[in-house]
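Spelled out from the first residue to the last, the chains are:
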Amino acid sequence: GDGLRSGVMVMALRSVLRVHSRGGVLGTGRSATRTFSSGAAGAARRIKLYDTTLRDGTQGEGISLSLHDKLAIAERLDDMGFDYIEGGYPLSNEKDVAFFEQVRRLSLRHAT
């Protein structure tokens, strides 16, 4: 039911939200990237964040996300400003094939 799906989404996003709430890695605002000065030259580097929640995060025992769950998590990760979201492996199952077909229809602003 919806309660189980909501609980799974909370579990999948827990570590991401923990990092976000501390403000360190994700910074402030809507971008998940940070610019750092490196070395004496002071050249700025942009660090891009890559999330594997929808692939690696779902491999634990008893974790199974519906297509709806995966799309909702992708939207939330995009809202937090993640640059890359690894959505799964489309050759592994029908749900991942459907995810890659439907995620293109979302209005993601940051993630690819």
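The structure displayed is predicted, hence computed values, not measured ones.

**Q** Break down the pattern of salt bridges for me, citing the residues and quoting the values.
**A** Within this structure, the stated rule accounts for 4 salt bridges. The shortest N-O distance in the salt bridge between Asp79 and Arg109 comes to 3.3 Å. Of this pair, Asp79 sits in helix H2 (residues 67–79) while Arg109 sits in the segment after helix H3 (94–103), placing them 30 residues apart in sequence. A residue is classified by how much of its surface remains accessible, and Arg109, at 51% relative accessible area, is exposed. Via salt bridges that share partners, Arg55, Asp56 and Glu86 belong to a single interconnected network.

**Q** For the confidence of the model for the protein chain, give the residues involved together with the corresponding values.
**A** Averaged over every residue, the pLDDT of the protein chain is 73; residues scoring 70 or more account for 62%. Helix H1 (residues 2–22) is the least confidently modelled element of the protein chain, averaging 44 in pLDDT, while H2 averages 95, the highest of any element. Predicted confidence for residues 1–32 stays below pLDDT 50, and this span has 49 contacts to residues more than four positions away or in other chains.

**Q** Break down the packing of aromatic side chains for me, citing the residues and quoting the values.
**A** Aromatic rings in a pair are described by how distant their centres are and how their planes are angled relative to each other. Scanning all chains against the criterion turns up 2 aromatic pairs. Aromatic pair Tyr50 and Tyr84: ring centres 6.2 Å apart, planes at 35°, arrangement tilted. You can see Tyr50 sitting in strand E3 (residues 50–51) and its partner Tyr84 sitting in strand E4 (residues 84–85), a full 34 residues away along the chain. Taking relative accessible area as the criterion, Tyr84 reaches 32% and is therefore assigned partly exposed.

**Q** I'd love a proper account of the side chain of Glu86, names of residues and values included.
**A** Within the element layout of this structure, Glu86 appears in the loop between E4 and H3. Among the polar contacts listed, one links the side chain of Glu86 to the side chain of Tyr50, at a separation of 2.9 Å. Once you skip the residues sitting within four places of it in the chain, Glu86 turns out to touch Tyr50, Asp51, Thr52, Leu54 and Arg55.

**Q** I'd like a rundown of H3, residues and numbers included.
**A** If you check which residues of H3 are buried, you get Asp96, Ala98, Phe99 and Val103. Summarising the axial view, the buried residues of H3 lie within an arc of 160°, below the 170-degree limit, and thus occupy one face. Residues of H3 that are buried sit in contact with H2. For H3, the N-terminal capping position is held by Asn93, with its side-chain oxygen 3.0 Å away from the main-chain nitrogen of Lys95.

Analysis parameters
Residues numbered from 1 in each chain as written. Predicted model: local features only at pLDDT ≥ 70, side-chain atom pairs only at ≥ 80, totals over all residues. Heavy atoms only, no water. Salt bridge = Lys/Arg side-chain N within 4 Å of Asp/Glu carboxyl O. Helix = DSSP H or I, 4+ residues; strand = E, 2+ residues; numbered from the N terminus. Buried < 20%, exposed > 50% of the residue type's maximum accessible area, 1.4 Å probe, protein only. pLDDT = per-residue confidence, 0-100. Contact = heavy atoms within 4.5 Å. Phe/Tyr/Trp six-rings, centres within 6.5 Å; stacked < 30°, edge-to-face > 60°. Polar contact = N/O pair within 3.5 Å; in protein donor to acceptor, adjacent residues only side chain to side chain. Arc of directions from axis to C-beta.

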